[in-house]
Amino acid sequence: MKIVTQLRITLLMILLLGLSSAALSVWNLERSRSYLAQTNLSHSIYESYLTLESHTYQLFKQYGDAIIIGDADQRTGKQALIDLIDEDTTGLQVLIGEKISLVGEQARFRLDALAEIEATVKRLVNRLDQFSPTGSGELASDWVRLSQLLNTEIDQGFRSLIQAAVDEEKRDVDRIADAIDSAMVRQQLFAGLFGIASVLAVLAAVIMLDRRVTRPINRLLAGVRQFGEGELNHRINLHGRDELAEIGHTFDGMAQSVAEKNRSLTSEKETLSVAVEDRTRQLSVMLDDVKRSDEGRKRLIADVSHELRTPLTIIKGEAEIALRGARKSPDAYEDALRRVREAATHTARLVDDLLFVARTEAGEVRLDLHQLDLSRVVGEAREIFGHDVPLNDCIDDGAMQGDAGRIRQSLLVLLENARHHGGDRILIRTADSKDGFAVSVEDAGPGMSDADKDLAFERFFRGSNAAERYRDGAGLGLPVARSIARAHGGNITLTDRIGGGLVATLHLPR
């Protein structure tokens, strides 16, 4: 329920309690006024009945005295009393009429009682007028009848009527007093109940405000304060469907969004930092590569110059010998041209190998890719090599995309190196590997040291073993063979053979 709705209901309840209390007070006040008016009227009626009783007994006394002593001159006094009795009766009629208008028709019987008293007075006066105040012995004959009138009808009958009316007014006054006391008790009870209800309503409002307003506001303030201090994972978690709960839910959603954006920014920052570091590392590697390339270029120029000097010197020397001195026989010229051709062929092969290695390093290698059978290419290389080399072929299906000529060239390099540096005991093994194929050339020679293995694929490098056993190599075989393997997505590795020797393995992807 909304807080505003609860506040409205609470205020409405307090207002209803206040209005009810005010209405009850007004009602009790009106009842008190009514009771006071009834009490005053009852006292007035009571006093009027007493006055009527006094005047009536005075009248009856005068009648009795006149009859007994024979005084015929008291008629004036009797008439004055009769007029007073009529005034008393008229006043009582007015008072009883006011009481009927105040309390209702249930008080109308008082008029009937008054009318009966008035009729009784008139009847008794008429009866008394029948007796003659002669003062003679005539009264003795009516004494019994007069005595009965005075004792029975006046002292007993009329007195009982007056006494009944007076007693009724006394009872009415007592009843009103009891009603006033009951009203006072009831008013005190209602006042206490309304007071307790008001206190409970105020306490309920205070508790409700504390639970639904004060505590949530304090939690909101604490959450905002912690959020402002950087605790983005703090949540208010207000329960309910009121306004403050909606504010808390909205704030939690905003905090969640800010936290996610912050995490995203942090992640992007870390990613960017990693990317910058990676790029810096790449640039550093590229710079190192550029430096190495520049150094390699310089070394390549120096090595090429060194390697080309020998065949060019041979060509120049043969040409000078052929041209120096007297004319020679055709066989001499033919022999010189043959040596020049061999030197030019060697030079062309050297230049071709250098160009292939350079293009591979530059990523510009050109391969003639076709579908081929690796087992067949290995067999062709074995036949071209010309020596009876054992072949252990364990490839199930050697189908792959590649340049058959370059793969044969790489295998021939491995076979030539094994023959020149490892001896005559050579073995070719082919097998399936995890990602493709592995073609190994094993020899039983002296092998290579770990230092020579690390430098074996450098251009123009010749290990100590190669320098001792084979002096015609230029040191480009293994670099060219590895360039061919890498151009196909593979590689060449050098490992020691169990029992001595070296294993050169050509790895090719399937």
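In this text the structure is predicted, and so the values were computed from the model without any measurement.

Engineer: Can you lay out the side chain of Thr-39 for me, pointing to particular residues and giving the numbers?
Structural biologist: Residue placement: Thr-39 occurs in helix α1 (residues 3-69). Taking relative accessible area as the criterion, Thr-39 reaches 15% and is therefore assigned buried. Setting aside anything within four residues of it in sequence, one finds Thr-39 in contact with Ile-176 and Ile-180.

Engineer: So what's going on with helix α3 (residues 109-129)? Residues and values would help.
Structural biologist: The terminal C-alpha atoms of α3, which comprises 21 residues, lie 30 Å apart, in line with the 30 Å expected from a rise of 1.5 Å per residue. Within the span of α3, buried status applies to Arg-110, Leu-114, Ile-117, Thr-120, Val-121, Leu-124, Val-125 and Leu-128. When α3 is viewed along its axis, its buried side chains cluster within an angular range of 130 degrees and face the same direction.

Engineer: Describe the nonpolar core, naming the residues involved and giving the relevant values.
Structural biologist: A general tendency of soluble globular proteins is for nonpolar side chains to be buried together. Leu-374, Ile-407 and Leu-506 are the most contacted members of the largest nonpolar core, which has 31 residues in total. Secondary structure elements with two or more residues in this core: α8 (374-385), α9 (404-422), β4 (426-432), β5 (436-443), α12 (477-487), β6 (491-496) and β7 (502-509). Broken down by element, this core gets its largest block of residues, six residues, from α9. If sequence neighbours within four positions are ignored, Ile-407 has contacts with Leu-372, Leu-374, Val-377, Met-400, Ile-484, His-488, Leu-506 and Leu-508. Listed in part, the 26 residues of the second largest apolar core include Leu-95, Ile-100, Leu-114 and Leu-128.

Engineer: Mind laying out the sheet that holds β4, listing which residues take part and the relevant values?
Structural biologist: The mixed open sheet is built from five strands, whose spatial order is β2-β4-β5-β7-β6. Taken across any chain shown, the strands that pair with only one partner, and hence form the sheet edges, are β2 (391-394) and β6. Strand-to-strand twist in this sheet, taken as the mean axis angle between neighbours without regard to direction, amounts to 15 degrees. Relative to β7, β5 is paired through seven bridges, and the arrangement is antiparallel. Note on β7: the bridge partner recorded for Val-441 is Ala-504. Most of the contacts of α8 go to β4, to which it runs at about 170 degrees, and overall it touches β2, β4, β5 and β7.

Engineer: Please give an account of a nonpolar patch on the surface that cites residues and values.
Structural biologist: A cluster of nonpolar side chains, namely Ile-196, Val-199, Leu-200, Leu-203 and Ile-207, defines an oily patch on the protein surface of about 490 Å² accessible area. Along the chain, the position of Ile-207 falls in helix α5 (residues 143-228). Residue class for Ile-207 comes out exposed when judged on its relative accessible area of 53%.

Engineer: Kindly report on the packing of α9 against α12, identifying the contributing residues and their values.
Structural biologist: For the pair α9 and α12, the least separation of the axes is 9 Å and the interaxial angle reads 145 degrees. In this structure, α9 crosses over α12, and the sense of that crossing is left-handed. Between α9 and α12, the residues in contact are Arg-406, Ile-407, Gln-409, Ser-410, Val-413, Leu-414 and Asn-417 and Gly-477, Leu-478, Val-480, Ala-481 and Ile-484, respectively. Counted by class, the contact of α9 with α12 contains seven nonpolar, four polar and one charged residues.

Engineer: Help me get a handle on α12, residues and values and all.
Structural biologist: For α12, every residue scored as buried is listed here: Leu-478, Pro-479, Val-480, Ala-481, Ser-483, Ile-484 and Ala-485. Residue Gly-489 follows α12 closely and has a positive phi angle near 90 degrees.

Engineer: I'd like to hear about the pattern of salt bridges, residue by residue, with values.
Structural biologist: Under the criterion given, the structure shown has 12 salt bridges. A salt bridge links Arg-408 to Glu-380; its shortest N-O distance comes to 2.6 Å. Highlighted residues: Arg-408 in helix α9 and Glu-380 in helix α8, separated in sequence by 28 residues. For Asp-388, the salt bridge is made with Arg-382, and the minimal N-O distance between the two is 3.6 Å.

Engineer: Outline the environment of Tyr-333, supporting the account with residue identities and numerical values.
Structural biologist: Of note, Tyr-333 is situated in helix α7 (residues 330-362). On a C-alpha basis, the gap between Tyr-333 and Glu-318 in space is 9.5 Å, while along the polypeptide they are 15 residues apart.

The rules behind these values
Residues numbered from 1 in each chain as written. Predicted model: local features only at pLDDT ≥ 70, side-chain atom pairs only at ≥ 80, totals over all residues. Heavy atoms only, no water. Helix = DSSP H or I, 4+ residues; strand = E, 2+ residues; numbered from the N terminus. Buried < 20%, exposed > 50% of the residue type's maximum accessible area, 1.4 Å probe, protein only. Contact = heavy atoms within 4.5 Å. Expected span 1.5 Å × (residues − 1). Arc of directions from axis to C-beta. Core = buried A, V, L, I, M, F, W, Y, C linked by side-chain atoms within 4.5 Å. Pairing = 2+ DSSP bridges. Axes fitted to C-alpha atoms, helices over the stretch in contact; angles between N-to-C directions. Patch = residues over 30% accessible without salt bridge, like charges linked within 9 Å, V, L, I, M, F, W, Y side chains within 5 Å. Areas by Shrake-Rupley, 256 points an atom, 1.4 Å probe, with all protein chains shown as cover. Salt bridge = Lys/Arg side-chain N within 4 Å of Asp/Glu carboxyl O. Left-handed = near helix turned anticlockwise from the far one by under 90°. Nonpolar A, V, L, I, M, F, W, Y, C, P; charged D, E, K, R; others polar.

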